[in-house]
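Descriptive analysis of the structure
Each chain, written out:
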Amino acid sequence: MLDKTFQPQTAEPEIYARWENAGAFEPTADPDAKPYTIVIPPPNVTGSLHMGHALNNTLQDILVRLHRMRGENVLWQSGTDHAGIATQMVVERQLAEQGIDRRDLGRERFLERVWQWRGESGGTIIGQLRRLGATCAWSRERFTMDEGLTKAVLKVFVTLYREGLIYKDKRLVNWDPALKTAISDLEVEQRETQGSMWHFRYPIEGEEGRYIVVATTRPETMLGDTGVAVHPDDPRYQDLIGKNVVLPLVGRLIPIVGDLHADPEQGSGAVKITPAHDFNDFEVGRRHDLEMINIMDENADLNENVPEDYQGMERYAAREKVVADLDALGLLEKIDDHVLQVPYGDRGGVVIEPWLTEQWYVDAATLAKPALEAVENGTTNFVPKHWENTYFEWMRNIQPWCISRQLWWGHQIPAWYGPDGEVFVEETEDEASIAAEKHYGKPVELTRDEDVLDTWFSSQLWPFSTLGWPDETPELKMHYQTDVLITGFDIIFFWVARMMMAGIHFMDEVPFHTIYIHALVRDEHGAKMSKSKGNVIDPLELIDEYGADALRFTLAAMAAQGRDIKLSTQRVEGYRNFGTKLWNAYRFCEMNEALEVGDFDPASATQTVNKWIIGEVARTAQKVSDELDAFRFNEAAGALYRFIWNNFCDWYLEFIKPLLNGDDDAVITETRQTAAWVMEHILTLLHPFMPYITEHLWSQTHDDMLIVRAWPELDGALVNESANAEIELAIKLITDVRTTRAEMNVPAGAKIGVAVRAGEEPAFGPLVDDSSVLNPVIKRLARIEDVESVGDAFPAGTAQLAFGEATLGLLLAGAIDIDAERARLNKEIEKAAKEVKGLEGRLNNESFIAKAPAHVVEEQRRRKEEAEGLIETLNAALDRLAAMA
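The following refers to the structure shown.

Conventions and cut-offs
Residues numbered from 1 in each chain as written. Predicted model: local features only at pLDDT ≥ 70, side-chain atom pairs only at ≥ 80, totals over all residues. Heavy atoms only, no water. Helix = DSSP H or I, 4+ residues; strand = E, 2+ residues; numbered from the N terminus. Buried < 20%, exposed > 50% of the residue type's maximum accessible area, 1.4 Å probe, protein only. Contact = heavy atoms within 4.5 Å. Areas by Shrake-Rupley, 256 points an atom, 1.4 Å probe, with all protein chains shown as cover. Lys, Arg positive; Asp, Glu negative; His and termini not counted. Charge placed at Lys NZ, Arg CZ, Asp CG, Glu CD. Pairing = 2+ DSSP bridges. Salt bridge = Lys/Arg side-chain N within 4 Å of Asp/Glu carboxyl O. Core = buried A, V, L, I, M, F, W, Y, C linked by side-chain atoms within 4.5 Å. Phe/Tyr/Trp six-rings, centres within 6.5 Å; stacked < 30°, edge-to-face > 60°. Lys NZ or Arg CZ within 6 Å of the ring centre and 35° of its normal. Axes fitted to C-alpha atoms, helices over the stretch in contact; angles between N-to-C directions. Parallel < 35°, antiparallel > 145°, perpendicular 65-115°, else oblique. Nonpolar A, V, L, I, M, F, W, Y, C, P; charged D, E, K, R; others polar. Polar contact = N/O pair within 3.5 Å; in protein donor to acceptor, adjacent residues only side chain to side chain.

Our focus in this paragraph is the overall build of the protein chain. When helices and strands are tallied, the protein chain shows 29 helices and 29 strands. Its C-alpha atoms give the protein chain principal-axis dimensions of roughly 110 × 65 × 55 Å. Across the 885 residues in the protein chain, those meeting the buried criterion constitute 54%. Taking the intrachain contacts of the protein chain between residues at least 6 apart in sequence as the baseline, contacts between residues at least 24 apart amount to 77%. Summing over all exposed atoms, the protein chain offers an accessible surface of approximately 38,700 Å²; the carbon and sulfur share of this is 47%. Where the 88 positive side-chain charges of the protein chain centre and where its 144 negative ones centre are 3 Å apart.

Right, here's the structure in full:
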């Protein structure tokens, strides 16, 4: 006998071990099976499961379970990313606790410590994904720094270099002065800061007493100014274009240029240009061939390219001195308060400096062209479609990709330098030595480039490097191209676009035909989760409390395309209760010996209620399949929820009680087999969403595992419209009577009579047909004592219920006190109207709307709508009372 409740804490690990030990996660050996492949977005090896991971991997797992059950050759490729900066920082912090600096250890010994850490702690998130129920092919787990992927990285770098698509250049980068490395835009977080806008007067050369006013939020950078830009059509400065200003404190003559970057409507309309320390200024400098003067070192302290008084100063100390010195010269026009976005490194925690330095770059514009066309022509599709606009915007304005990082942990760049600085790019040092000897005519000593590659460089190869490329492996032949990529919108450019570029360039084919962009998981009020706000929901805590199935189903049920998820623990608890509802339904079937399908043929069912539920299974199976194929996870989950909770548990199990308790053996057998057949299909259809509880229930009567059970493909002919009409009529009767009873405040346990007018009997079907098996069920569930026939008029004390073209009379004369009920309804209406008035006042208050958080305003609107709806319902009940008098 099944236990009273499901215990996920003990059942889940045991079930997962059974799946894994049976090899259920591995691709099939059937050479004729259609391949279905998903590559996991590799989590950082330093990572721990957060709600974004939980959503992303739940959706992936639903798909791989579905396609596995369809008999396809499924590979869910697993692995982790070496996470250059994050991992190096973890190990550096550990060393710092021991009083050790990595530079004292040296590169080789430091890397040994990183590998040691990875071996001891780097698999945490993989274990957490297992707890979620993820069925990746763990035996094929890859790591972006493993031998095979390193081989792929080296080949790609060398190939692109030889094709002229990788090169060295001096450009601006996001420089982290704490970590002393270039970082990507994704590793920069903008923080709103209350700062200042300083306005300085720059003297015009040769025009005593004439100045041009420029404004800046970073006064220290003016020491590196090499130009002033004005709009070419700004009439105030037409005569100054082509002239020079004398740069204060420095004395350097710098030109005034006409450039569209200058906005006549902003400030004075004149902009100081510091090409070596501002990304926009860098482009202006290139357009006008302005000098690029780097005034900072790797610590963001001022260097030898500034006047002696400022050399060696920390940047913010230099800022104070520059402002003070300009003020002393009478060149400080004014200072305004100014709110600005300041870039911080998300790891180093300090303000990022745009810094001119020599780095390695990829010619992304050339590689982007075919990747752009692939989405434009529909070879690869975004779901939801609007995310392609983000992709297009980035790809059409793509800049050279800085791929070098000043770190030790990562793929060291395969470039070696000769005595005169000549570079030799090869996959190995031996090959570089051969190339150098050929170049110099003799053996020479080479020095390897110390930088490593951006982490995204290796992860861009993930869809094919994990399958064995550059070797021609059977897995590569079978599983590339992959099918769908599921990922977040924030890495469309950093990862998705680069995988598209690399896949087309090296595999001559896009890496996936569909890119599904999932939404953000927010808190219940719609706010983004953050540690500082204290609103982070830990998925592992939810799994501990409610089980993995409840969390998975919650995320799937709320994963509407293009709409963020507002998550609350109450929602997870609610879907845990859904699992309990299924558990109790299974117990009902068990107690009624309704778990053996035997040789049951659903097309042979004779009982109306059995025909109806069989048809509903067929409809639901088709709906779930269609919605999952269209990546509408919430619609598929919703269809299952409604069918299981409403149709099966609430209605079917109630309708069949008289049949199971009857004395017709054939009907009992058919009903038991129908219930068993339906339960099997429920477990099968629900399995991708709630794998643990379904597998556990399946194992009660089956020796095989549900995870490899065939996905239902049912004949639409199983839908019986006549049976549907009869059952739907019965359900509507029960529901409408229950609703009216509640509105009229009829005591829950009270049985009432109902009246049907002569000639309207056909409208009520089984309610007036004592021979119908549904008749006693309707009466029991609606708490109806008896049904009487009346003429044209209902007796006094009857509440009238419209039912299609007919009217059903509820005989309530003895069940309620009409006067007391009228008084109650009027009091409730008055209370609701008062609430509406108060909410309207608040929502019409512009100050409230402007200051209140969005979720508070939304909650007020929702409450107002609910109160208005309640008033409408109460007035309808009053109308019924009036008709009864």
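This part covers the pairing of strand β9 (residues 227–230). Burial along β9 is two-sided: the face carrying G227 and A229 and the face carrying V228 and V230 are both buried. Two elements, β9 and strand β12 (residues 270–273), share four bridges in a ladder whose sense is antiparallel. The partner of A229 across the bridge, within β12, is V271. Where β9 lies against strand β11 (residues 253–258), three bridges are found, and the strand directions are parallel. Directly across from V228, in β11, lies its bridge partner I256.

Next up on the list: the pattern of salt bridges. Side chains that differ in sign of charge can pair as their charged atoms come close. Scanning the entire structure with this criterion turns up 53 salt bridges. Between D259 and R287 there is a salt bridge whose closest N-O contact spans 2.9 Å. With D259 in the loop between β11 and β12 and R287 in helix α8 (residues 279–288), this pair connects stretches of sequence that are 28 residues apart. The network of salt bridges with shared partners includes E207, R210, D239 and K243.

To continue, consider the nonpolar core. In terms of nonpolar packing, the biggest core is built from 215 residues, with Y391, F457, F633, F648, F655, F689 and L808 touching the most fellow members. When residues no more than four places from it in sequence are discounted, the contact partners of L808 are L733, V737, V754, A755, V756, F764, L767, F794, A799, Q800 and L801. The next biggest cluster of nonpolar side chains, apart from the first, holds 37 residues, and it includes I212, L240, M296 and A300.

Another point: the packing of aromatic side chains. Inspection of every chain in the model, using the stated rule, returns 37 aromatic pairs. Residues W387 and F489 carry aromatic rings whose centres are separated by 5.3 Å and whose planes lie at 10 degrees to one another, so their mutual orientation is stacked. With a gap of 102 residues between them, W387 in helix α11 (residues 387–396) and F489 in the loop between β22 (482–488) and α16 (492–507) connect regions that are remote in the sequence. Judged by relative accessible area, which is 18%, W387 ranks as buried. F489 sits in the partly exposed class, given a relative accessible area of 30%. Three or more aromatic residues joined by ring pairs make a cluster, and in this case those are F553, Y575, F578, Y641, W645 and F689. In this structure, R65 is placed above the aromatic ring of W19, and the distance from its NZ or CZ to the ring centre is 4.4 Å.

Right, let's talk about unusual backbone geometry for a bit. With an omega dihedral of -5 degrees, the bond running from V383 to P384 counts as a cis peptide bond. Position of P384 among the secondary structure elements: in the loop between β15 (381–383) and α11. For the bond running from Y480 to Q481, omega is 10 degrees, close enough to zero to count as cis. As for its placement among the helices and strands, Q481 is situated in the loop between α15 (474–479) and β22. Of note, A300 is a non-glycine position whose phi angle comes to about 65 degrees, a positive value.

Bringing the pairing of strand β28 (residues 798–803) into the picture now. Relative to strand β29 (residues 806–811), β28 is paired through six bridges, and the arrangement is antiparallel. The residue bridging A799 from the neighbouring strand is L810, located in β29. Taken together, β28 and the strand that follows it, β29, pair antiparallel across an intervening segment of two residues, in which G804 is found at a positive phi of about 65 degrees.

A separate point is the sheet that holds strand β19 (residues 423–425). Overall, antiparallel pairing links the three strands, which are arranged β19-β18-β20 in an open sheet. At either end of the open sheet lies a strand with only one pairing partner, and these are β19 and β20 (447–448). Relative to β20, strand β18 (residues 415–417) runs antiparallel, the two sharing two bridges. Residue W416 lies in a different strand from β20, and its bridge partner there is R448. In this fold helix α12 (residues 429–440) packs onto β18 and β19, with an angle of close to 135 degrees to the strand it touches most, β19.

In this section: the packing of helix α2 (residues 51–69) against helix α18 (residues 548–557). Where α2 contacts α18, the axes come no closer than 9 Å and their chain directions differ by 90 degrees. In terms of axis orientation, α2 runs roughly perpendicular to α18. Where α2 approaches α18, its residues M51, A54, L55, T58, L59, D61, I62 and R65 are matched on the opposing element by L551, R552, L555 and A556. Each residue belonging to the contact of α2 with α18 can be placed in one class, and the counts come to eight nonpolar, one polar and three charged.

Glancing now at helix α26 (residues 774–782). Counting buried positions over the nine residues of α26 gives seven, a clear majority of the element. Of all the residues in α26, the buried ones are L774, N775, V777, I778, K779, L781 and A782. Where the residues of α26 are buried, they touch α21 (633–655), α22 (657–660), α25 (721–743) and β27 (784–790). One or two positions beyond α26, positive phi appears at R783, with a value near 55 degrees.

This part is about the sheet that holds strand β23 (residues 512–518). Taken in spatial order, the three strands of this open sheet run β15-β23-β22, and their pairing is parallel. Sheet topology places β15 and β22 at the edges, where each strand pairs with a single neighbour. Across this sheet, the average inter-strand angle for adjacent strands is 20 degrees, counted without regard to direction. Packed on one face of the sheet, α2 meets β22 and β23 and runs near 160 degrees to β22. Across the sheet, α16 lies against β15, β22 and β23, angled at about 165 degrees from β22, the strand it touches most.

Assignment of secondary structure puts T482 in strand β22. Within the local environment of T482, its side chain forms a polar contact with the backbone oxygen of P511, the two atoms lying 2.6 Å apart. In contact with T482, other than residues within four places in its own chain, are T37, V39, P463, P511, F512 and H513.

Following both chains from N to C, one finds α18 and α21 inclined at 120 degrees, their axes separated by 7 Å at the closest point. Accordingly, the angle class assigned to the pair α18 and α21 is oblique. On α21, the residues touching F553, A556 and A557 of α18 are F633, N634, A637 and Y641. Considering only residue class, the contact of α18 with α21 consists of six nonpolar, one polar and no charged.

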